[in-house]
Amino acid sequence: MRFQFSFKHMATSQALQDYAEEKLKVKIEKFVTKAIEVKVTFSVDRHLQHANCVLVGGDGFSLTVDHVCEDMYGSVDRMVDKLGAQLKKKKDKLKSHKNKSTVRTMPEGRSSSEDSYSIDASDIVKYEEARRRKVAS
C-alpha cells in the first residue's frame, strides 16, 4: 500500500503524516484486501482545516472522502470515520450480493408430478425465433 501526502497553504508536518497514515492503515486493512494507493491532501482555508483522501483499490474501485473542521487532527479523525463507513457499506454490498441464492420453490397447491407439460415442436421453433430476433436487435 502506497501513501502520498500533499500539503496546500501550510507547512509539511511529519507528525500529521504519521498520524493520518496510522489511522488510515488500520481502517483500510480491516476492509480492503488489495488497496493500491492512498492520496491524502491537507489544506488550510482561512480558519478551516481540510483533509481529503482518495483511495484507489486493487479491485477496481475508488473512494473519495473529505472533511472540514477547525482542527486538522479532528479533520483526519472524521475523514477516517467517513472512509470506514464507506468501506463497510461497500463490503456489505459485496457480501449480500454474493449470498443471494437462486432457489426456486414450488407454488402452493402444485406438486412436481403436475409439472408434466406437453411441449410441442412449434413451441420450440417460436421460442428460438424470438431468441434470435432479440439477439439480432
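Because the structure is predicted, anything quoted here is derived from the model rather than measured.

> How would you sum up helix 3 (residues 121–136)? Please name residues and give values.
Counted at 1.5 Å a residue, the expected span for helix 3 with its 16 residues is 22 Å, and the 23 Å between its end C-alpha atoms agrees. When you tally the buried positions in helix 3, you get zero out of 16 residues, a small fraction of the element.

> I'd love a proper account of the pairing of strand 3 (residues 48–57), names of residues and values included.
A one-sided burial pattern is seen for strand 3, the buried positions being Gln49, Ala51, Cys53, Leu55 and Gly57 and the unburied ones Leu48, His50, Asn52, Val54 and Val56. When strand 3 meets strand 4 (residues 62–69), the two strands line up antiparallel, connected through eight bridges. The residue bridging Val54 from the neighbouring strand is Thr64, located in strand 4. Following strand 3, the chain reverses through four residues before pairing antiparallel with strand 4; Gly60 in that reversal takes a positive phi of roughly 90°.

> Please give an account of the layout of surface pockets that cites residues and values.
Reported here for the largest pocket is a volume of approximately 260 Å³. Lining of the largest pocket is provided by 13 residues; of these, Phe31, Thr33, Asp59, Lys91 and Leu94 occupy positions nearest its centre. The set of elements that each furnish at least two residues to the lining of the largest pocket consists of helix 1 (14–31) and helix 2 (72–99). Among the elements that take part in the lining of the largest pocket, helix 2 stands out by supplying six residues, more than any other. Of the residues assigned to the lining of the largest pocket, the class counts are five nonpolar, one polar and seven charged.

What counts, and at which threshold
Residues numbered from 1 in each chain as written. Predicted model: local features only at pLDDT ≥ 70, side-chain atom pairs only at ≥ 80, totals over all residues. Heavy atoms only, no water. Helix = DSSP H or I, 4+ residues; strand = E, 2+ residues; numbered from the N terminus. Expected span 1.5 Å × (residues − 1). Buried < 20%, exposed > 50% of the residue type's maximum accessible area, 1.4 Å probe, protein only. Pairing = 2+ DSSP bridges. 1 Å grid on protein atoms, 1.4 Å probe; cavity = no way out; pocket = protein on both sides within 12 Å on 5 of 7 lines; lining within 4 Å. Points joined across faces, edges and corners; volume = space filled by probe spheres on them. Nonpolar A, V, L, I, M, F, W, Y, C, P; charged D, E, K, R; others polar.

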